Amino acid sequence: MTKTIQNDRTEIRLAGEGGQGMILAAIILAEAAAIYDGKNVTQTQVYGPEARGGASKAEVVISNGQIDHPEVINADVLVAMSQEACDKYAGNLKKGGLLIVDEEKVGRIPSNKAVKIPITQLAEARTGRTITANVVALGVLVGLTDVVSRMSIEKAVLARAPKGTEDMNRTALLAGFEAADMVKR
Amino acid sequence: MTVKLMQGNDAVGWGALAAGCRFYAGYPITPSTEVAEMLSRELPKVGGKFIQMEDEIASLAACIGASVGGLKSMTATSGPGFSLMQEHIGYAAMTEVPCVVVNVQRLGPSTGQPTSASQGDVMQARWGTHGDHPIIALCPTSVSQSFDLTVKAFNFSEKYRTPVILLLDEVIGHMREKFDMPDFDAIERVDRIATDVPPEWYKPYGDSLSDVPPMANFGDGYRYHITGLFHDPHGYPTQRLDEIDPWIKRVHRKIERNLHDIVLYEEDWDPTNKTVVVSYGASARSARHAVKLARQHRLKVGEITLLTIWPFAEEVIARMARTARRIIVPEMNLGQLALEVERVAGRSKVVRVNRANGEMVTPQEILDAIEGS
């Protein structure tokens, strides 16, 4: 399923467990939109007191115009990296919105139109580290939606990558793009 | 590349630096910690001092001391710490020592919910410390406004020799938005009025033509007494009615006579708007969204966003209430600033839209209130 979002307000929600890097992924996406694509953006998050575990949700709203309410109202895109996240937020998707799930982590999917990709597995297979799953997820998300350009997300990922991890992160992002292209075909 | 993605809390730190803040004492607490993190990194680079104190009581005490020593000072906290700081907010008001207290509001009471948003400290910001005292409290609605209002907070505190509360909420504090860092040299900076009399003639609390007495910094050769007791023009304790009464009137007058300077707001309404939304902080973002939707539905609705919540913007609200029939006040509490709106609303009906569960008021909830005439 391909979906290019052209509304003036695009709402993206990334949800999973604390420690999966969903908030960092949202920050990177927001930086790609704000700094490299020159758009307006708000990035917010909800998380518990734990460093790992517990539910974590991060949101990005992108627009060419002024963004008033800074949080997602009805998501255009939901990336669910855990069953709990999918159960909790799938119902909030806009009609015709895009649901992307980590196939390995989300067994019960409420829609037959969801894009199922083994995101964490891909991260491990390509980079040897499951920790890059958030960057793979960004690759899938941008590859499918073009909410920001591929060049911008790559710049944003590399600007945030700790020294020495640039190649690993680029590999993860490209794995996400490839997975998205497979779905499109 | 000057454009950055920045959190509200970070923008507060940069605003403080731009305003000339050179001292921070604090005790980290969610959701305000990023202010401390940022200043612990950046203050030493400009020759400032950062100190982590043992608690919030000591934090504000250290800020007051540093300010008396001549440094612009700030602390940042959230609800539980703000409760502890009340004692010294009163002390700063009584001793007329400039300082900025940032409170990034989280859900309370008590420990509440550290990562959840709230606007529950509106009345505490006004009346949290005991006794009749003037206060200024500012509420930003965006990341860039967090920067701007931090600068304003410092300028007001110096200009009027008063503690200023910068009242963020978790949404604004943790939200990231595009931010274009202004040139610090182009920013208007206000410094306290220095005395020009020799030390032996100096009266720290008297003899001034203005309601704000000139302030000598400790260490500059001026030796004087500071106390939380009512004091005479020299700063020594007094029980004389003819010294207490003028003092309490003067410290209120210095704020009341300058409302035109202190009370900041944004307005977008006209007398044909029968419904007007009055909001502040993160709720103003939902309000603006709702007002735009309502106007798309051809409803004539206005809005006023209060950037200064204390002193309360009586003049503009009362003026608007003469023509509006309904005033909608969304807040992330069970109705605090709505009480002030009601006080000056005349015959207009005040409709509250409240949430005190850690989440933002939604644009739909405000739209429902606008439509439900």
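Predicted model only: the values in this text are computed from it and were never measured.

Caption draft 1: Region of interest: the pairing of strand β5 (residues 99–107) of chain B. Residues and elements named next belong to chain B. With 9 of 9 residues buried, β5 is to be regarded as a mostly interior element. Sheet analysis places strand β4 (residues 72–77) next to β5, joined by 4 bridges and oriented parallel. Paired with threonine 77 across the two strands is asparagine 103, which belongs to β5. Handedness of the crossover joining β4 and β5 through helix α4 (residues 79–95) is recorded here as right-handed. Relative to strand β8 (residues 163–169), β5 is paired through 7 bridges, and the arrangement is parallel. Across the sheet, the residue bridging to valine 100 is valine 164, located in β8. Of the pairings in the sheet, the one linking β5 to strand β6 (residues 113–117) comprises 2 bridges and is antiparallel in character. Paired with arginine 106 across the bridge in β6 is alanine 117. Hairpin connection, β5 to β6: the antiparallel pair is bridged by 5 residues, and serine 110 has positive phi, about 55°.

Caption draft 2: Quick peek at helix α1 (residues 22–36) of chain A. All names here are of chain A. Over its 15 residues, α1 extends 20 Å from the first C-alpha to the last, a length consistent with the 21 Å expected when each residue adds 1.5 Å. Counting buried positions over the 15 residues of α1 gives 11, a clear majority of the element. Regarding α1, the residues found buried are Met22, Ala25, Ala26, Ile27, Ile28, Leu29, Ala30, Glu31, Ala32, Ala33 and Ala34.

Caption draft 3: Layout of the pattern of salt bridges. In this structure the tally under the stated criterion is 31 salt bridges over all chains. With a shortest N-O distance of 3.5 Å, arginine 288 of chain B and glutamate 266 of chain B are connected by a salt bridge. Of this pair, arginine 288 of chain B sits in helix α10 (residues 281–296) while glutamate 266 of chain B sits in strand β10 (residues 265–268), placing them 22 residues apart in sequence. Looking at arginine 288 of chain B, the relative accessible area reads 14%, which means it is buried. On the basis of relative accessibility, which here comes to 32%, the residue glutamate 266 of chain B falls in the partly exposed class. In the salt-bridge network here, residues are joined through shared partners; they are Arg13, Lys57 and Glu59 of chain A.

Rules behind the numbers
- Residues numbered from 1 in each chain as written.
- Chains lettered and ligands numbered in written order.
- Predicted model: local features only at pLDDT ≥ 70, side-chain atom pairs only at ≥ 80, totals over all residues.
- Heavy atoms only, no water.
- Buried < 20%, exposed > 50% of the residue type's maximum accessible area, 1.4 Å probe, protein only.
- Helix = DSSP H or I, 4+ residues; strand = E, 2+ residues; numbered from the N terminus.
- Pairing = 2+ DSSP bridges.
- Right-handed = clockwise from strand over helix to strand, strands pointing away.
- Expected span 1.5 Å × (residues − 1).
- Salt bridge = Lys/Arg side-chain N within 4 Å of Asp/Glu carboxyl O.

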